[in-house]
Amino acid sequence: MYNLNIERSILASVIFDPAEFEVVASRLKADDFYLPFHQSLFRAMAALEAEEKPIEDEFIRAKLMKEGKFDEIAMLDMLSANPITALNHYIDELKAKSKKRIMTMMAYDILNGVKEENYDVDDIIDEFEALEDRDSDDIEHIEIEDLMSATYPPTEMMLTGVGAIDNYFKGIGLGYLYTINGRPGAGKSTLSLQMMSTISKRFKTMFVSLEMNDKLVQKIFHRVPPPSSMTIDFKSFDITDITRSIKRGAKNGVRVVLIDSLMQVRNNALKGASRTEQLTDIANRLLELKNKLDITIILIVQASKENQNTKSLTVKGSGDVEYIADVNMQIYKEDEDEQKRVVGCSKSRLGIEGKTTTKVFEHNGLFQGTDGYFLDDGLPITGNSDSKKGVLE
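Note that this is a predicted model, so its numbers are computed, not measured.

(A) Representation of the overall build of the protein chain in the model. Across its full length, the protein chain holds 14 helices and 11 strands. The burial tally for the protein chain puts 46% of its 393 residues in the buried class. Long-range pairs, those at least 24 residues apart, make up 65% of the contacts in the protein chain between residues at least 6 apart in sequence.

(B) The arrangement of the packing of aromatic side chains in detail. Inspection of the entire model under this criterion finds 5 aromatic pairs. Between Phe-33 and Phe-42 the ring centres are 5.4 Å apart and the planes differ by 40°, which places this aromatic pair in the tilted class. By relative accessible area, which is 0% here, Phe-33 ends up buried. Using a relative accessible area of 6% as the deciding quantity, one classes Phe-42 as buried. Through successive ring pairs, a cluster of aromatic residues spans Phe-21, Phe-33 and Phe-42. In this arrangement the basic side chain of Lys-290 is found over the ring face of Tyr-176, its NZ or CZ atom lying 5.6 Å from the centre.

(C) The layout of surface pockets, seen in detail. Looking at the second largest pocket, its volume works out to about 390 Å³. Along its surface, the second largest pocket is lined by 14 residues, and Glu-49, Glu-52, Arg-244, Lys-247 and Arg-248 are the ones closest to its centre. Put simply, the parts of the chain that give the lining of the second largest pocket at least two residues each are α3 (36-50), α12 (239-251) and α13 (275-293). Here the element with the most residues in the lining of the second largest pocket is α12; it accounts for 4 residues. Residue classes in the lining of the second largest pocket are distributed as 6 nonpolar, no polar and 8 charged.

(D) Quick look at the pairing of strand β9 (residues 340-348). Extensive coverage of β9 is indicated by the burial of 7 of its 9 residues. In terms of strand pairing, strand β8 (residues 327-333) meets β9 through 7 bridges, oriented antiparallel. Within β9, the position partnered with Gln-330 by the bridge is Gly-344. Turn length for the β8-β9 hairpin, with the two strands adjacent in sequence and antiparallel, is 6 residues, and the turn residue Asp-335 shows positive phi of about 60°. As paired strands, β9 and strand β10 (residues 354-359) are joined by 6 bridges and run antiparallel to one another. Looking at β10, one finds that Cys-345 is bridged to Gly-354.

(E) Seen up close, the pattern of salt bridges. For the coordinates displayed, the defined rule picks out 16 salt bridges. The salt bridge partner of Arg-202 is Glu-156, with a shortest N-O separation of 2.5 Å. Placement of the pair is Arg-202 in the loop between α10 (188-199) and β4 (204-209) and Glu-156 in strand β1 (residues 155-158), with a sequence separation of 46 residues. A relative accessible area of 18% places Glu-156 in the buried class. Across the pair Asp-326 and Arg-349 runs a salt bridge, and its minimum N-O distance is 2.6 Å. With Asp-326 in the loop between α14 (321-324) and β8 and Arg-349 in the loop between β9 and β10, this residue pair connects regions lying 23 residues apart in the sequence. With a relative accessible area of 5%, Asp-326 lands in the buried category. Judged by relative accessible area, which is 47%, Arg-349 ranks as partly exposed.

(F) Geometry of α3. Helix length check: α3, at 15 residues, gives a terminal C-alpha distance of 21 Å against a target of 21 Å (1.5 Å per residue), a fit within 8%. All buried positions along α3 are accounted for by Phe-37, His-38, Gln-39, Ser-40, Leu-41, Phe-42, Ala-44, Met-45 and Leu-48. Elements in contact with the buried residues of α3: α1 (4-16), α2 (21-27), α4 (57-67) and α5 (72-79).

Here is what the cut-offs are and how they apply
- Residues numbered from 1 in each chain as written.
- Predicted model: local features only at pLDDT ≥ 70, side-chain atom pairs only at ≥ 80, totals over all residues.
- Heavy atoms only, no water.
- Helix = DSSP H or I, 4+ residues; strand = E, 2+ residues; numbered from the N terminus.
- Buried < 20%, exposed > 50% of the residue type's maximum accessible area, 1.4 Å probe, protein only.
- Contact = heavy atoms within 4.5 Å.
- Phe/Tyr/Trp six-rings, centres within 6.5 Å; stacked < 30°, edge-to-face > 60°.
- Lys NZ or Arg CZ within 6 Å of the ring centre and 35° of its normal.
- 1 Å grid on protein atoms, 1.4 Å probe; cavity = no way out; pocket = protein on both sides within 12 Å on 5 of 7 lines; lining within 4 Å.
- Points joined across faces, edges and corners; volume = space filled by probe spheres on them.
- Nonpolar A, V, L, I, M, F, W, Y, C, P; charged D, E, K, R; others polar.
- Pairing = 2+ DSSP bridges.
- Salt bridge = Lys/Arg side-chain N within 4 Å of Asp/Glu carboxyl O.
- Expected span 1.5 Å × (residues − 1).

Everything listed here is a matter of coordinates, which is why it stays silent on function.
Here it is, written out as structure tokens:
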């Protein structure tokens, strides 16, 4: 009912690649490990993660020694185990053994209880229902009467300084997951950074740049007005590192995050899965993150070439990304006019769908502003876009 080699391999995988801890911690609890030292080791890892300290040998050793729970031999046994790639399969095996141990203990307790005639049927049912709910401790239920009587504030809409977005779609909703997709050269990155520039006048923002290095970003901000308040992350490529980076940003007040682009996000926790499955998992994790932190995440994606002719763009190799996102927006060139762009929305949980046209300026590639045009230096012709605040009932 236990396998110490599996326990050691899972823990060794985290030591070898600390980014894996988020995957392990999302599915396992300390009590799922059989060996008491492994339980203490897992709790030490969780504590280091919460303290934003490295999950490394020396830090773990120091924490366990401080608690009087360090075991040199057990630690060496764990460190000598081989890290694993198919982590989720090992986690499944460990959870199955953990549940089997609990059921065995319950059966023993029930048998003794029946013999002593201090157990009834309801008690037994309650015990097994508790086991069934063991992995659902974090689920929050709400009665329909409470839901319908609750009062929720209207969605706050952030004006972007881009006419097509503000005039037609009323801006960008705070607390939503957006995808902005289009073919290369359509202007996805320019449009997104132009919006972030205006949004940053009211909210702290973050840019996770996976396609452009610091020199290229500096170059684009010579065209796009530099944001008033923005943190830029050039180093996080795996989804686990990206979520950590966003969490740190949110602690410092970041409310809007731009990720460029989905196709460059890695998913090392699902190395053996197809790219479609990896992308679906990435989108689900970003959706969960924005719900937890109450932030807006804008995800730039690449559209499939075969759909360009129909003007119905879908995400290239997207898995379920389009279904998971709250709002799917598209941008594409129309006809032979190099300066004309169509900005559309094929799905919106805000209830605003459709499409509109806009212009990009030949000399700097910027999109038409809310007031119709931009000055040569890229600044809006009027300076009131940062003081406007919209709400969506």
